[in-house]
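# Geometric and topological summary
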There are 2 protein chains.
Amino acid sequence: MDAPACHTDIIDFGKGQPSLSLLPVAAWRTAADHCLAHGDARLLQYGVDEGDEGFRESLAQFLSRRYAMPVATTELVVSAGASQALDLVCTRFTRAGDIIFVEEPTYFLALDIFRDHGLQVVGIPIDEEGIRIDALQDALVHHRPAFLYTIPSFQNPSGTTMSAARREQLIAASRMHDLLVVADEVYQLLDFGTVPPAPLATHVHTARVLSLGSFSKICAPGLRLGWIQGAPDVLHTITQSGVVQSGGGLSPFVSGVMRSLIDLGLADAVLDGLRRVYAERSAVLCRAMRELLPAVTFVEPTGGYFVWAQLPAERSASQFLSVARAGGVAFHPGTRFSSGGGFARHMRLSFAHYDAPELVEGVRRLAHALAG
Amino acid sequence: MDAPACHTDIIDFGKGQPSLSLLPVAAWRTAADHCLAHGDARLLQYGVDEGDEGFRESLAQFLSRRYAMPVATTELVVSAGASQALDLVCTRFTRAGDIIFVEEPTYFLALDIFRDHGLQVVGIPIDEEGIRIDALQDALVHHRPAFLYTIPSFQNPSGTTMSAARREQLIAASRMHDLLVVADEVYQLLDFGTVPPAPLATHVHTARVLSLGSFSKICAPGLRLGWIQGAPDVLHTITQSGVVQSGGGLSPFVSGVMRSLIDLGLADAVLDGLRRVYAERSAVLCRAMRELLPAVTFVEPTGGYFVWAQLPAERSASQFLSVARAGGVAFHPGTRFSSGGGFARHMRLSFAHYDAPELVEGVRRLAHALAG
C-alpha cells in the first residue's frame, strides 16, 4: 500500500479502449490477405451510398446470428463508426438550437458532438432499469426534441441495461410522440453471459428508431467501421447527405476486409474472445473494489466496458481525481457525463484497457488515495 | 455513326472516378502486407486526435517532395477524405444560416454538403485565371462569410487553374477581411506536365487557410483517406470536435497501410502512373471533341479529371442530356454546378473513367445526339 509518490506508469481507468494485447492483429491480417487475394479493384473504388453490398450482406448475417433476430441487408448503411454516424444524424436530422434528449448520465463525447451542432441538450434521468419513462413523458410535455439519444445496453457510463418493459414503453412513447430514437447499441453484443433484452434495432420497422452499431468495441477501434440500422425511409435521409454521396459510401476498403473477417468466422471468434476477457476483467475489478474500497458503492456490470462507482457522501470525484492522480491512478469523474453538472460523487472506471494485476494495482492506488 | 437506339452500356462522362483498371490493387496489397507484417496492434487502436503520427510524418515527406515546399507533420490532421473534412469544417466553423462563398461554378456535392448544414451559398464568378477578385471584393462589401470554398487547381468542374497572381490577391483579401479560405486541393498533384502554381497550402501560416487533400484522386477513392493542412490554432478547432475525439482520430488502420505505400515508394509510382494515363485520356477526349463536336467549345485541361464544354447558342445541356442518354451517352449538366441556376449550356465531361476507345465512342454518340 506504500505506493511511491510519483508514478510514471499511471493506471488510467478513464481509458475506454481495449488493451493492445486484445486487438486481433493476426485475424485482421488473415482477413486482409483473403480480401486482397481476390484482386477485386472495387475495394478501392467509390461505392454505392449505402456502403458495399457484399459487406452489408455478411453484416446482416452476422447480426441476425448475434442478435438472434432477422436483420436484412436493406436495413443497413455503412458508417465510419458510431460517432461518425451520430454526427451524420445530427447534420441530417437537426438544426442548431434544436432540443435533443439524452440519458442522464450519458456518453461524454456524444455531448461534445451535440455541442458541435449547437444542440440544446435535455437530460432524462435513468434508474437501474434504464431511462425513466415518467421523466421522459414529463419532458415531452414541455419539449419537442429532434431526437432522443439512448445507450440501451451496458450503458456508458453507468453500465445499466434498459429492461424489456422500459424498452416497450420507450417505443410506445416514440410512436405516440413521433419521437426519433437514436440508439447507440455498440455494447449490445458485449454481454458476459446474461444476454440483454433485444436491441432497439428490433423496432426499426414499427417506430422511428435508428440503431448505431460499431466494430470498435467488438473487434477493433482503429478500423473506424460501423453501421446504421433503420427503416429504408429514415436511412434514405442519411444516404442522401452530401458527405455520403461525395465519398461514394463510407469505408469501401475496410468494409471489404471486415467482410472477409466475418465470412471466415473470425469476427465471431474475436467477439467471443473479448467477451470472455472483459467478463474476467470486470470480475477482477469488482472483487478488488469490494475488498479494498468498501465505502465505494457500485452495481457489478453484466457486460460492456464500465463500472460506475459512487464515492462516500460529501466526497467530490473531481477533487478526489487530483489526489488519485498524484497516487498514480486516474478515472473519468461523473460530472463529465452529465448534461447538468450532476454525478459529482461518481467515477467511471473502465476495465477494458488493463489486465488483472494492473486492475488490482489501480484499485490499491485508489484505496490509498481515498484513505490519504 | 449509326448508333443503336438503345445502349445497355451507356458511356457516362458524369462518372468522376477512375476506371477499375487504374486502381492500384497490387501495390495496395504489398503495402498492406508490409504494414501488417510488423504486427503493430496500434493500427487497430484508437489513436491521437491528429491522426497517426508515423503516417503524418510520411505524408509530410510525400507532400514536401510533391508540392516542392516544406510541409511539417504538425501542419497535418488526418481526414476520412476531402468531403468528410469539408463536412467537419462546416460543423466546426459555421452555424445554419451562415453565408459562405463558393466559386461559380463549383463541385456539386460540396453544394449538397453546404445544404446539409443549412448554409447560404453566394457564388463568386471565375474566369480563365480562377476566382474573380473584383467580384470577391464586391461580395465582401455585402457579406461576412464564414468561409470561402475554392478549388484552386484543375477545378471541378471547369478545369481552370487559379493563376499565381490571383492566388496572391486572394490571400491578400483573406488577410484584409480575416476570411477563412477552405482550399480543396485534391487535384493539385494531378498535372499533365505543366505544374500549377504552389497550392494554397503554402499560405497556412500567413493567412487563415485550410487546405484539404485526399488520396482519392491520386491513389484510390475506396480508401477514404485524406488530410487537412493548416496552422496549429485552426487545426485545433478541428481536432477538438466531438466526432474526432470520440473516434480517436480518423482511419488509423488505413493510415498505417498508406504509410507503407508512401515509404515503399509506391504512392509516387501510383500517382505518376495516373498522371500519365489521365494526360493521354484527356488528349484523346479533346482531340475527338475537336474533330467530332466542332460546335462545342472548351479549353483543353492541363490536369485533373474534367473537360468543361459549352454547347452551341440556345442549346440547353439538360435537354440535350435526355437526347444523349437515349443515344447511349451521359454527362453532368452545368446547372448542377451552379449556386444560382447558371451554366445551362455547359457539360462536365470526365475522362478518368474510360479508356481511349470508349472516350472516342462516347464523343461519337454525343455528336450523333447533337446532330439528331
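Note that the structure is a prediction, hence the values are computed from the model and not measured. (Residues numbered from 1 in each chain as written. Chains lettered and ligands numbered in written order. Predicted model: local features only at pLDDT ≥ 70, side-chain atom pairs only at ≥ 80, totals over all residues. Heavy atoms only, no water.)

Let's shift gears to the domain arrangement of chain A. All names here are of chain A. Domain parsing of chain A yields domain 1 (11–16 + 268–371) and domain 2 (25–264). Averaged C-alpha coordinates put domain 1 and domain 2 at centres separated by 26 Å. Contact residues are listed per partner, giving 27 residues for domain 1 and 33 residues for domain 2. Summing both sides of the interface, domain 1 and domain 2 together bury roughly 2,500 Å²; the carbon and sulfur share of this comes to 58%. (Domains from an automatic or database assignment. Contact = heavy atoms within 4.5 Å. Buried area = accessible area lost by both parts, 1.4 Å probe.)

Residues and elements named next belong to chain A. Confidence in the prediction for chain A averages 95 pLDDT; 98% of positions are at 70 or higher. Confidence drops under pLDDT 50 across residues 1–6; counting only partners more than four residues distant or on other chains, this segment forms five contacts. Per the prediction output, this complex has pTM 0.95; the corresponding ipTM is 0.94. (pLDDT = per-residue confidence, 0-100.)

A separate point is the sheet that holds strand β7 (residues 181–184) of chain B. All names here are of chain B. One open sheet accounts for eight strands, arranged β2-β9-β8-β7-β6-β3-β4-β5; its pairing is mixed. Each end of this open sheet is capped by a strand with a single partner; those strands are β2 (76–79) and β5 (130–131). When strand β3 (residues 99–104) meets strand β6 (residues 148–150), the two strands line up parallel, connected through two bridges. Pairing of Val102 across the sheet is with Tyr149, part of β6. Contacts from helix α5 (residues 133–142) reach β3, β4 (120–127) and β5, with the element oriented near 155 degrees to β4. Packing against the sheet, helix α7 (residues 232–239) makes contact with β2, β8 (209–214) and β9 (226–229), and its axis sits at approximately 30 degrees to β2. (Pairing = 2+ DSSP bridges. Helix = DSSP H or I, 4+ residues; strand = E, 2+ residues; numbered from the N terminus. Axes fitted to C-alpha atoms, helices over the stretch in contact; angles between N-to-C directions.)

Looking now at the packing of helix α3 (residues 82–93) of chain B against helix α4 (residues 108–116) of chain B. Residue and element names in this part refer to chain B. Direction vectors running N to C along α3 and α4 enclose 30 degrees, while the axes themselves pass 10 Å from each other. It follows from the interaxial angle that α3 and α4 lie roughly parallel. Note that α3 runs across α4; the crossing there is right-handed. Along its contact with α3, which presents Ser83, Leu86, Asp87 and Cys90, the element α4 presents Ala110, Ile113 and Phe114. By residue class, the composition of the contact of α3 with α4 is five nonpolar, one polar and one charged. (Parallel < 35°, antiparallel > 145°, perpendicular 65-115°, else oblique. Left-handed = near helix turned anticlockwise from the far one by under 90°. Nonpolar A, V, L, I, M, F, W, Y, C, P; charged D, E, K, R; others polar.)

Residues and elements named next belong to chain A. The strand order β10-β11-β14-β13 describes an open sheet built from four strands, whose pairing is antiparallel. A single partner strand is all that each edge strand has here, and the edge strands are β10 (297–298) and β13 (332–333). Pairing of strand β11 (residues 306–310) with strand β14 (residues 346–350) involves five bridges; the strand directions are antiparallel. If you follow Gln310 over to β14, its bridge partner there is His346.

Turning next to the interface of chain A and chain B. With 58 residues of chain A at the contact, the number on the chain B side is 58 residues. Across the chain A-chain B interface, the total number found is two salt bridges. A salt bridge links Asp116 of chain A to Arg92 of chain B; the shortest N-O distance between them is 2.6 Å. Across the chain A-chain B interface, the total number found is 26 residue pairs in polar contact (both at pLDDT 80 or more). Of all the elements in the fold, those that place two or more residues in the side of chain A that touches chain B are α1 (25–37), α3 (82–93), α4 (108–116), α8 (242–247) and α9 (252–263) of chain A. Sorting elements by how many residues they give to the side of chain A that touches chain B places α1 of chain A first, with seven residues. Looking at the side of chain A that touches chain B residue by residue, the classes come out as 25 nonpolar, 21 polar and 12 charged. (Salt bridge = Lys/Arg side-chain N within 4 Å of Asp/Glu carboxyl O. Polar contact = N/O pair within 3.5 Å; in protein donor to acceptor, adjacent residues only side chain to side chain.)

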